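# Chain and residue survey
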Amino acid sequence: MVEELTPLDCLLPSALLRACADGAANHLHNITAGDCERFLPDYISGDFDSITAEVKAFYADKGCRLIETADQDLTDFTKCLAIMLQEIETRKLQVDAIVTLGGLGGRFDQIMASVETLHHALPMTRLPLLVIQGSSLACLLRPGSHRLRVNTGLEGDWCSLIPVGGPCQTTTTGLKWNLENQVLAFGKLVSTSNTYEPVPSGDHRKVVTVTTDQPLLWSMAIKNGE
Amino acid sequence: MELPITFITSPLETVKGMLHSGVAGGFWVESPALETPARPHHICVRVNEMHRERFLPDYISGDFDSITAEVKAFYADKGCRLIETADQDLTDFTKCLAIMLQEIETRKLQVDAIVTLGGLGGRFDQIMASVETLHHALPMTRLPLLVIQGSSLACLLRPGSHRLRVNTGLEGDWCSLIPVGGPCQTTTTGLKWNLENQVLAFGKLVSTSNTYEPVPSGDHRKVVTVTTDQPLLWSMAIKNGE
């Protein structure tokens, strides 16, 4: 079973559905200052212990739905994702991928919580779930084979395969340092600071293929348009 | 199953004193033998023009593909050793740590812990590479290896039982236990949400945004104990002196 994914084709401006998880709304409000109305989320969900009263009122006033989710065991991110999947189904939206902006920096436990949400997402949906922050992108590859097209021009140089949850029997092609049915595992072998197989100047990069027997985190550099 | 090994570590009491060794982009701190619990020291280091000479590393190691010629010349000129390590399979951080452990042994230094400043932010693969170095360090040394950046601290707990004293006044509110690398059978005390012989594993249960067991106002926090059967990453908030 082969899954195709071009990580950056989905960074196109037309999102069918937009949401914020709690305090993310503060951040959105802040970075879109002066132009907030062009970047309204469809809904903001969470336990609302991070969003400020001011930001909450602002978006409520603009018609954004506020959905309170009180479950202590799941993070705001996971709960927000669950709601999004419900909405996609209810509204029968044709969605290619879900992209999360933020989650790979700041508090270290929250970075790890983002990775945990990626794991929780695997049984929740077949849609690719990408997390992007700064010049890093992360995507959890489910067990099986994957083809990653890395020629949109938005890819940076580094890439990596990180067996966060446990050992992964892995085979790759298209990388500078490929794996040949090797076990990736913390304490043994983790592929970081990898890059793409060199090609003659002017040629497109080869497709990257990754086969894994356990969920395996793919992370790569992106050019984040600054 | 009882694991008889107990580690006593107070994550922030051990950080004091002089900066001794460096890797391009980070500094290591050695501390002399632990004295009686003293006033906590701020661990934020902001180095500017006037202070550079107070913060010279003993050595800079790596493959030198990141350090600038100017910086390299500056430190060489001040007498810092430059140690080139060409191993492609290990990160600069891991190689620097190996050298540090050699130096500690050669010079017979009495060291309580190794503290790394930086490594938990920026490129995501490099954050993960820092965690990988923590794993590689387990068989290399018994010394605690702490990584600190911003208001986060991370320390990999080896299989066994650990006591973490969290009352130096430099601890923030959040803490976490992250089973990077594989499932961990875990028991804790002293946390708000403790684990009772439960399995921590990505996709099942990861303890993030945890905090300390509430105590009456004015009282010290209880000691946190963690027992694990596999290496388990402890990460906590620290007050970084701003």
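Numbering of residues begins from 1 in every chain and follows the order in which that chain's sequence is written. As they are written, the chains are lettered A onward and the ligands numbered 1 onward, keeping that order. Whole-chain, interface and lining totals are the exception, using all residues; otherwise, since this is a predicted model, local features are given only for residues with pLDDT of at least 70 and side-chain atom pairs are given and counted only at 80 or more. Excluded from the side-chain calculations are hydrogens and water; all other atoms, namely the structure's heavy atoms, are used.

Chain B is annotated in an unreviewed UniProt entry as Thiamine pyrophosphokinase 1 from Betta splendens. UniProt positions are given in the numbering used here, feature names are shortened, and annotations may be inferred rather than shown by experiment. Under the UniProt heading Pathway (unreviewed entry), the note attached to chain B is "Cofactor biosynthesis; thiamine diphosphate biosynthesis; thiamine diphosphate from thiamine: step 1/1."

Labelled according to an unreviewed UniProt entry, chain A appears under the name Thiamine pyrophosphokinase, originating from Betta splendens. Per its UniProt entry, chain A bears the Pathway (unreviewed entry) comment "Cofactor biosynthesis; thiamine diphosphate biosynthesis; thiamine diphosphate from thiamine: step 1/1." In its Subunit (unreviewed entry) section, the UniProt record describing chain A reads: "Homodimer."

Another point: the overall build of chain B. Secondary structure summary: chain B contains three helices and 15 strands in total. Buried positions account for 48% of the 242 residues belonging to chain B. Of the contacts made within chain B by residues no fewer than 6 positions apart, 69% connect residues no fewer than 24 positions apart. Exposure was quantified through the Shrake-Rupley algorithm and a 1.4 Å probe, taking into account, for residues, occlusion by the shown protein chains and nothing else. Approximately 12000 Å² of chain B is accessible, and the part contributed by carbon and sulfur atoms is 51%. Each helix is a run of DSSP H or I of at least 4 residues and each strand a run of E of at least 2, with the numbering of both proceeding from the N terminus. Relative accessibility thresholds used throughout: buried, under 20% of the residue-type maximum; exposed, over 50%; partly exposed, between the two (1.4 Å probe, protein chains only). Throughout, a residue-residue contact means that at least one pair of heavy atoms, one from each residue, lies within 4.5 Å.

This part takes up the interface of chain A and chain B. Taken together, the contacts link 35 residues of chain A with 35 residues of chain B. Two parts placed together each lose some accessible area; with a 1.4 Å probe, that loss summed over both constitutes the buried area. Both faces combined, the contact of chain A with chain B buries some 2600 Å², and carbon together with sulfur accounts for 66% of it. Together, Phe-108, Asp-109 and Phe-186 of chain A form the three largest contributors to the area buried by chain A at its contact with chain B, with a combined 26%. Within 3.5 Å is the distance limit for a polar contact, defined as a pair of N or O atoms, with the added protein rule that one can donate a hydrogen and the other accept it, and that residues adjacent in sequence qualify only through two side-chain atoms. Here chain A is connected to chain B by nine residue pairs in polar contact (both at pLDDT 80 or more). Looking at which element gives the most residues to the side of chain A that touches chain B, the answer is helix α4 (residues 108-124) of chain A, with 10 residues. For the side of chain A that touches chain B, the residue count by class is 17 nonpolar, 14 polar and four charged. Ten residues, namely Ala, Val, Leu, Ile, Met, Phe, Trp, Tyr, Cys and Pro, are considered nonpolar, four, namely Asp, Glu, Lys and Arg, are considered charged, and the remaining ones, Gly among them, are considered polar.

All names here are of chain A. Annotation of chain A at the domain level lists domain 1 (4-133) and domain 2 (138-222). Segment limits for the domains were obtained from an automatic or database-derived domain assignment. Relative placement of domain 1 and domain 2: their C-alpha centres are 26 Å apart. Between domain 1 and domain 2, the residue contacts involve 17 residues of the former and 17 residues of the latter. Only one rule defines a salt bridge in this text: a Lys or Arg side-chain nitrogen within 4 Å of an Asp or Glu carboxyl oxygen. Between the two partners, domain 1 and domain 2, sit zero salt bridges. Counting every contact that joins domain 1 to domain 2 gives three residue pairs in polar contact (both at pLDDT 80 or more). Counting residues per element, the ones that place at least two in the side of domain 1 that touches domain 2 are β1 (2-5), α4 and β6 (129-133). Considering only residue class, the side of domain 1 that touches domain 2 consists of 11 nonpolar, three polar and three charged.

It is worth spelling out the pattern of salt bridges at this point. Residues and elements named next belong to chain A. One pass over the full model with this rule turns up 14 salt bridges over all chains. With a shortest N-O distance of 2.9 Å, Glu-37 and Lys-62 are connected by a salt bridge. Here the residue Glu-37 occupies a position in the loop between α1 (24-31) and β3 (43-46), and Lys-62 occupies one in the loop between α2 (53-61) and β4 (65-68), the gap between them amounting to 25 residues. Overall, Lys-62 belongs to the partly exposed group, its relative accessible area being 30%.

With that out of the way, let us pick up the UniProt feature "domain: Thiamin pyrophosphokinase thiamin-binding" (unreviewed entry) in chain A. Per the UniProt entry, the sites bearing "domain: Thiamin pyrophosphokinase thiamin-binding" (unreviewed entry) are residues 144-216 of chain A in this numbering. Its end C-alpha atoms 10 Å apart, residues 144-216 of chain A is made of 0% helix and 44% strand.

The subject of this paragraph is the pairing of strand β9 (residues 160-164) of chain B. Residues and elements named next belong to chain B. Burial analysis of β9 places four of its five residues in the buried class, the great majority of the element. Any two strands between which DSSP finds at least two bridges are classified as paired. Across five bridges, the pairing between β9 and strand β14 (residues 224-228) is antiparallel. Within β14, the residue paired with Gly-160 across the bridge is Thr-228.

Residues and elements named next belong to chain A. Across the sheet, which stays open at both edges, the six strands sit in the order β5-β6-β7-β14-β9-β12 with mixed pairing between neighbours. With one partner strand each, in any of the chains shown, β5 (98-101) and β12 (191-194) form the two edges of the open sheet. For this sheet the average axis-to-axis angle between neighbouring strands, irrespective of direction, equals 20°. Sheet analysis places β5 next to β6, joined by four bridges and oriented parallel. Its bridge partner lying in β6, Val-99 is registered against Leu-130. Interaxial angle, 0 to 180 degrees, is taken between N-to-C directions of lines fitted to C-alpha atoms, where a helix line uses only the stretch in contact. Sitting on the sheet, helix α3 (residues 76-90) is in contact with β5 and β6, with an inclination near 150° to β5.

Mapped onto the present numbering, the UniProt feature "domain: Thiamin pyrophosphokinase thiamin-binding" (unreviewed entry) falls on residues 160-232 of chain B. Regarding residues 160-232 of chain B, the helix share stands at 0% and the strand share at 44%, and the terminal C-alpha atoms are separated by 10 Å.

Here we come to helix α3 (residues 124-137) of chain B. With 14 residues, α3 of chain B extends 20 Å from end C-alpha to end C-alpha; this agrees with the ideal 20 Å at 1.5 Å per step. Taken across its 14 residues, α3 of chain B has 12 buried, putting it largely inside the fold. A helix's residues, less one, multiplied by 1.5 Å, set its expected span.

Let us now look at the packing of aromatic side chains. Stacked, edge-to-face and tilted labels apply to pairs of Phe, Tyr and Trp rings (six-membered ring for Trp) whose centres lie within 6.5 Å, assigned for plane angles under 30 degrees, over 60, and everything in between, in that order. For the coordinates displayed, the defined rule picks out two aromatic pairs over all chains. Judged by centre distance (5.1 Å) and plane angle (85°), the rings of Phe-58 of chain A and Tyr-59 of chain A are edge-to-face. Given a relative accessible area of 0%, Tyr-59 of chain A falls into the buried group. A ring pair is formed by Phe-74 of chain B and Tyr-75 of chain B, whose centres lie 5.1 Å apart and whose planes are at 85°; its orientation type is edge-to-face. Overall, Phe-74 of chain B belongs to the partly exposed group, its relative accessible area being 25%. Classification of Tyr-75 of chain B as buried rests on a relative accessible area of 13%.

On to the packing of helix α2 (residues 92-106) of chain B against α3 of chain B. Residues and elements named next belong to chain B. Viewed as axis vectors pointing N to C, α2 and α3 meet at an angle of 35°, and their least axial separation amounts to 9 Å. Two packed elements cross with a definite hand, and for α2 against α3 that hand is right-handed. Where α2 approaches α3, its residues Phe-93, Thr-94 and Leu-97 are matched on the opposing element by Ser-130, Thr-133, His-136 and Ala-137. In the contact of α2 with α3, the residues fall into three nonpolar, four polar and no charged. Definitions for this section: a left-handed crossing has its near helix turned counterclockwise from the far helix by less than a right angle. A right-handed crossing has that turn clockwise.

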